[in-house]
Amino acid sequence: MVEGIESVVPVTFWLTPGRTLFLSIHFLGLVCFAYIVARRLVPLIRSQRDPRFDRPFARAGNVLKFWLGQWKHPRYRVAGILHILIFAGFILLAARAFSMLIIGVSPNFVMPGFAGESGHLYEAATDYAATVVFLCMIFAIVRRVVFKPARYAVPARYGKAHTADAIFLLVLIAILMVADSLFEGTKAAALAQQGQLAELKTVLSLPWMFKAALASSSIPLLGSLYFGAYLLHEVTFYFLLCYRPFGIQFHVETSLFNIYFAKLDKSTLKPVKWGVSDEQLGEVKSFGVKTFEDFTWKHVLDFYSCADCGRCSDNCPANAVGRPLSPRFLSIKARDYAFQHYPMFGHSGNGQPLVGSIYSPDEIWSCTTCGACEAECPLLLEYIDKIVDLRRGLMDDGNVPQSLQKPLKALESRGNPYGKLEKKRADWANTKEFQEICRVKTLNGKCGAESLYFVDSITSYDDRMQSIGRATATILDHIGEDFGILGAAEKDSGNEVRRFGEETLFTALRDHNADAIRSCGAKRIVTADPHAFNALKHDYKDVPPVEHISQVILRGVKSGKIQFNPAENGNNIYTYHDPCYLGRHNGIYDEPRAVLDAIPGLKRVEMKRSHDRSFCCGGGGLMLFYEPKEDQRMGVKRVQMAAEAGANVIVTACPFCMVNMEDAIKVAGLEGKMTAIDLAELADKQMVRKCPVANAARNAEPQQECVAGG
Amino acid sequence: MARIFAYIVHRGGVPDDSAGELAAAAKKIDATASATAIVTGQGSDLDNVCSTLRSSFCEVWKIANDALAHPNAELIRKALVKVLPPGSIVLVAHEHFGIDLAPGLSIKLNAAYCSDVLGMDALDGNDLKVVRQEFGGQVSSHVHCDISSGAVLTIRPGAFRPQQNAALTGTIVDKSGEIGSLSAGRRYLQTIVAEAGDVDITKHAILVSIGRGIQEKDNVRIAQDLADVLDAAVSCSRPVVDAKWLEKSRQVGSSGKTVKPKVYLACGISGSFQHLAGIKGNPFIVAINKNPKAPIFQVADVGIVDDILEFLPELTSKVRELRGVPAK
Amino acid sequence: MEILVCVKRVPDTSENEIALNSAGNDIERDELVYSINEPDNYAVEEALQIVARVGGKVTVVTVGGEEDEEILRREMAMGANEGVLITDAAFEGSDGRGIAAILKAFVKKGNYDLVLTGVQADDGAAQVGGMLAAMLDLPFGSLVNSIEVLGGKKLKISREIEGGNKEISEIDLPCVLSIQTGINEPRYVGMRGIRAVASVPISNCSVAELSLDASAVGAAAAKVKRLDYFVPALGKGAEMLAGSREENIERLAELLAAKGGLK
């Protein structure tokens, strides 16, 4: 900004001939923008309801953290810093841009609060801001053209590359910065020539460089450049304003709203229809998302807000193994659909089914609901709810792969996906050898306990996973927990049933289990199955609080009830694999690690992808039955990551992770070089046993009613 | 005693293996009676078949007709109804043709019908007691048939062992003139042969079959080496296809191919019901598996508890030695 | 096209452990889960797909008692237009031929272009379809794995034959076909779908409504009767070679030579 000048009238006088033009552009630009936004709102109005107007303070907090604070951006360092700079620049430049636009029609306009010293500081800051934004644009263009980060690539089946459009927008923003800087630079150069004390103090800023370059240009030339720069700025500004809603740059406008309305209750699933209670569900004609209008307005807003950054797909395990799913393109395709079927002029909406046109069934079934996409997205886009809703639609239409129909039918008849008999659900606890170590109570009407160990299906029925059940029971017994299991009364927790879209079957399983849980009188629930943990915590109502066994073990360690023998083989290097439903979905990262670190002499390394960047093992529940088209198994990639980290033992805390890891070890040819062990199994193995006398007293014949299976 | 007939299917002038099995079944029903074979078709192929069947049956009824060039059960049923005496017992192999022909035949002959028979007691007056399975083979049952007006029975392939080939003793009776003209509401158009892939495992007499125990794709060559010295083909169970170590055309099982080899080496295969369902014709089954409790050992003829990754290469060397084939 | 699909309710083999009961005269039925016979389900799906292509109506019918209504409902939830339960004490103890006779009488009452059955059911007899066709004097095709509707009241069908090959034939309508699993991918029916048809009426049909010769049905007419269930004693299994690896290989090579494995 030019120092020491009281009035800028003489320079801005150059704009006077254009006043009518500028006013017209304002009018045209704003009218167009308003019309465009109104048309863009149409699908939101036609979509389903979505209550997002509660808890304004929490929502405002999200805006501060994720929008203003750009919290997720640094997860990709270079792009993150780049974007933070650009975003900060935009925020800072907002008032300046506004002032500049007004000046063309009202020359004396000064932003309230920006007069005097603060105004000058602001001007200086924004000089540099414009420069930084400009440089960022150059950097971004070079990055796109020369370095071509892999996540921006568009696989052939999704159409043409987006590079041209991206560069077009980057260039436009650069032009905007140039226009602004040229505007300031020419003014400073003119004022300097007129002998006015004009020191553009912001050395090496873009305006400063223009001023220096134009220092000896003629006044008329400067006048034309001044006028031209202004016009360029205004036209570019309004062009961008009206162009942004036609592509990914719409996120500039929608991001604030998208983050404000973001989901607050993480790890919960959207109900079939907001505002319709479970009892009323029978009256709903159609379940799930079949046509575009079945999405909620927030989901449509998500589609508008996707910035095509590709971070979601870059972290999506299904995408990494060549399944036909790319979360980024779920959003982009839906957005393109919205643009095509809700055009600026003409008839809107066409009510055609989405699956079979823009989506394929395999694309929708391929998702393991691991949540890596949601963990990564800087705009807090929600993916799992959409996938689940699309699956609900497919289920409703009967369009379900045969491989899933069998386990679903078995879940309906037998309460487990294997079709095994209910009465055998507690057999894992009743082997002769195990009963000598630990007696597990079955909580029926006559027999109660403080805690319920919810075993769930795979641990109950799978020969290999039963050892996790026994290890868990042994640990609970060791710390003196008064616990029991539901036995034949337990049915599958239904976590995947719900996430695969079979809401009715899930409700039946949930209601049955909730009744059994409440009847058994337990005050708390413990489980070693993160999928059951997730369902019991978020999808079940009115059941006692639930914990994962890792939390129980850690508490035992801290209280001294559990002590560990040192790790036997000093050559083993352990690594902990974060199960999706324990880590990402429920934030339990530290407890399992603390348990491992409590084992003396246990050497542990971290894989590059850990904590909320953990790489899904392949999925659990119904996903074990689905036959995907893929280039490789997710588990194989994961064990290779473990090997790369230098580990030869993978510790998991989920029976499904265990299935996938052990399978992958064989398929990857690492048998003999790598093993997998469950956290509970390891803890049980390393646990210092209490003295035999105390054991015998506690393990005396239990009451007949409490014998498991009774 | 009722007259026993066996309908024999044939291909390329050669009777199906079931011919001997049906003859044996007939002997079980009535050790004194001699069964009559019935074949339909035309041309020299049919004549060759009749000729071969003389060693298993005392009489061979030949029904030649151009309309029967391709075995159309609808037409054949009409022909049989014309030539079969009342109260006959008719045996047919329980496979795709038998399933098509036999139930309707029993109605037209007003005879009792029992399918997929595994065994039987000797006929006792009009009471025939047979053994069948139900529920996918999980339980067996004894079934009583009242054959006062005859019976049509389909016999499970491999359930009856054919007797030794005797010298040619049967006579050929030409019944072609008795059937009159034939037409039916179903007309044969063509046969579409299944894609065989690079190797057609159904055509090999010896199969080296691998399962999960092979552990990784690179180990498949261990099985191939053995197959090479045995002039065999490599086949597999489903997990191997799922892991993409071999293509689907190599899969033996209820969702893969049905094979009828003479020798079947099950290497690292657990022996699931679905896999075993693809093995027909009662081959000599050798099972090699690390797990002594694998179900395959129940159905195998010979079992070895060992690691196939070490066992097979040594077996390959041994076979090479015996055959005088120089090591590679 | 008017299509009739004959269905049967059977114990689900994948969700049950079939075992003998303590008396040894039947399988243990107390905790059995029943469902529609799998090939019948494929037949209903095929009928629905045909009708979606050429128009018409699908009726599902079963011979049994009240407990069999649940599978009729399931198929109606799948899309069948009508469900009929043929029930009468006189039918009890019928053998396969008796069931076919009952179905024949039912078919004659209606005007069906196509009758479908599954290839076989829990008893593995694979008989009702073929018997029904012969009784009705209609053309028949078993193990059908593809159906194409041609003009002029004809179908082009594919039958599954040996080696995974397919036998293609033309068949006149009306006809009877028994359907093999894998002909299509049946749509999923869940609890929600069944609840939606919970109150749709299922018509009952008794011996009075069918012109049936009572001597053709029921236990008395049965020529084939199951006497018992049993589990054969487990064979000794494989001859286990228990020597060293070298010895085993020697012995195995001998056996292979004897069995024609080494030429």
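Predicted model only: the values in this text are computed from it and were never measured.

### Thoughts on the sheet that holds strand 15 (residues 233-236) of chain B
Sheet architecture is open: six strands sit in the order 15(B)-14(B)-16(B)-17(B)-18(B)-13(C), paired in parallel fashion. At either margin of the open sheet sits one strand with a lone partner, and together these are strand 15 of chain B together with strand 13 (239-240) of chain C. Sheet topology note: the strand 18 (residues 302-305) of chain B/strand 13 of chain C ladder contains two bridges and is parallel. The partner of Gly-303 of chain B across the bridge, within strand 13 of chain C, is Met-240 of chain C. Against the sheet, helix 7 (residues 245-258) of chain C contacts strand 16 (263-267), strand 17 (284-289) and strand 18 of chain B, and its axis sits at roughly 155 degrees relative to strand 18 of chain B.

### Quick notes on the interface of chain C and chain B
Between chain C and chain B, the residue contacts involve 64 residues of the former and 63 residues of the latter. For the side of chain C that touches chain B, the elements supplying multiple residues, two or more each, are helix 3 (96-109), helix 4 (128-136), strand 7 (140-150), strand 9 (166-172), strand 12 (224-230), strand 13 and helix 7 of chain C. Sheet analysis places strand 13 (residues 186-192) of chain B next to strand 9 of chain C, joined by six bridges and oriented antiparallel. Bridged to Arg-186 of chain B within strand 9 of chain C is Ile-171 of chain C.

### Points about the interface of chain C and chain A
With 14 residues of chain C at the interface, the matching set in chain A holds 18 residues. Of the residues in the side of chain C that touches chain A, the class split is four nonpolar, two polar and eight charged.

### Considering the nonpolar core
In this structure, Ala-37 and Leu-91 of chain B together with Val-5 and Ile-102 of chain C are the most contacted members of the largest nonpolar core, which totals 270 residues. Contact partners of Ile-102 of chain C, with chain neighbours within four places excluded, come to Val-63, Ile-86, Phe-91, Ser-94, Leu-210, Leu-212 and Val-217 of chain C.

### What to know about the sheet that holds strand 11 (residues 203-205) of chain C
Pairing is mixed in the open sheet, where ten strands are placed in the order 13(B)-9(C)-8(C)-7(C)-10(C)-6(C)-1(C)-4(C)-5(C)-11(C). Of all strands in the sheet, those bounded by a partner on one side alone are strand 13 of chain B together with strand 11 of chain C. This sheet shows a mean twist of 30 degrees between the axes of neighbouring strands, independent of strand direction. Sheet contacts for helix 1 (residues 38-54) of chain C: strand 1 (2-6), strand 4 (57-63), strand 6 (114-118), strand 7 and strand 10 (175-179) of chain C; angle to strand 6 of chain C, the most-contacted strand, approximately 150 degrees.

### A few points about the confidence of the model for chain C
Taken residue by residue, chain C gives an average pLDDT of 91. The fraction at 70 or more is 97%. Taken over the whole predicted complex, pTM reads 0.89, whereas the ipTM for its chain interfaces reads 0.89.

### As for unusual backbone geometry
Residues and elements named next belong to chain C. Omega for the bond connecting Leu-173 with Pro-174 falls within 30 degrees of zero, at -5 degrees, which places this linkage in the cis form. Relative to the helices and strands, Pro-174 resides in the loop between strand 9 and strand 10. Of note, the phi angle at Asp-137 is positive, near 55 degrees, even though the residue is not glycine. Take Asp-137: it is sitting in the loop between helix 4 and strand 7. Using a count of 10 C-beta atoms within 10 Å as the deciding quantity, one classes Asp-137 as exposed. We note that Lys-153 has phi near 55 degrees; this positive angle belongs to a residue other than glycine. If you trace the backbone, Lys-153 turns up in the loop between strand 7 and strand 8 (154-160).

### Quick notes on the packing of helix 3 of chain C against helix 4 of chain C
All names here are of chain C. Contact pair helix 3 / helix 4: the axes reach a minimum separation of 9 Å and the direction vectors enclose 50 degrees. Here helix 3 lies oblique to helix 4, going by the angle between them. The hand of the helix 3/helix 4 crossing is right-handed. Where helix 3 abuts helix 4, its residues Gly-96, Arg-97, Ile-99, Ala-100, Ala-101, Leu-103, Lys-104 and Val-107 lie against Val-128, Met-131, Leu-132, Met-135 and Leu-136. Residues belonging to the contact of helix 3 with helix 4 are distributed by class as follows: ten nonpolar, one polar and two charged.

### Quick notes on helix 22 (residues 503-520) of chain A
A rise of 1.5 Å per residue sets the reference length of helix 22 of chain A, with its 18 residues, at 26 Å; its end C-alpha atoms lie 25 Å apart and thus fit the reference within 8%. Within helix 22 of chain A, the full set of buried residues consists of Glu-503, Thr-504, Leu-505, Phe-506, Leu-509, Arg-510, Asn-513, Ala-516, Ile-517 and Cys-520 of chain A.

### Examining helix 2 (residues 43-53) of chain B
Residues and elements named next belong to chain B. The complete set of buried residues in helix 2 reads Leu-46, Val-49, Cys-50, Thr-52 and Leu-53. An end-on view of helix 2 places all buried positions within 165 degrees of arc, on one side of the element. Where helix 2 is buried, its residues touch strand 2 (10-11), strand 3 (14-15), helix 1 (18-29), strand 4 (36-41), strand 5 (59-64) and strand 12 (171-174).

Here is what the cut-offs are and how they apply
- Each chain has its residues counted from 1, running along the sequence as written.
- Here the convention is simple: chains get letters from A, ligands get numbers from 1, in the order in which they are written.
- Residues qualify for local features only when their pLDDT is at least 70, as the model is predicted, and side-chain atom pairs are given and counted only at 80 or more; totals for whole chains, interfaces and linings, by contrast, use all residues.
- Note on pairing: DSSP must find at least two bridges between two strands before they are called paired.
- Only runs of H or I of at least four residues qualify as helices and only runs of E of at least two qualify as strands under DSSP, and these elements are numbered from the N terminus.
- Residue pairs qualify as contacts under a 7 Å threshold applied to their C-beta atoms, which are placed from the backbone.
- Lines fitted to C-alpha atoms define the axes, with helix axes restricted to the stretch in contact, and inter-axis angles between N-to-C directions lie between 0 and 180 degrees.
- Nonpolar residues are Ala, Val, Leu, Ile, Met, Phe, Trp, Tyr, Cys and Pro. Charged residues are Asp, Glu, Lys and Arg, and all others, Gly as well, are polar.
- As used here, a nonpolar core is made of buried Ala, Val, Leu, Ile, Met, Phe, Trp, Tyr and Cys residues. They are joined through C-beta atoms within 7 Å.
- Any residue whose C-beta has 12 or fewer other C-beta atoms within 10 Å is treated as exposed, any with 20 or more as buried, and any in between as partly exposed, C-beta atoms being built from the backbone.
- In predicted models, pLDDT denotes the confidence assigned by the predictor to each residue on a 0 to 100 scale.
- Convention used here: angles under 35 degrees read as roughly parallel, angles over 145 as roughly antiparallel, angles from 65 to 115 as roughly perpendicular, and any remaining angle as oblique.
- For a crossing to be left-handed, the near helix must be turned anticlockwise from the far one by less than a right angle; the clockwise case is right-handed.
- Expected span of a helix: the number of residues minus one, times 1.5 Å.
- Each C-beta atom gives one direction from the helix axis, and the arc is the one those directions make.

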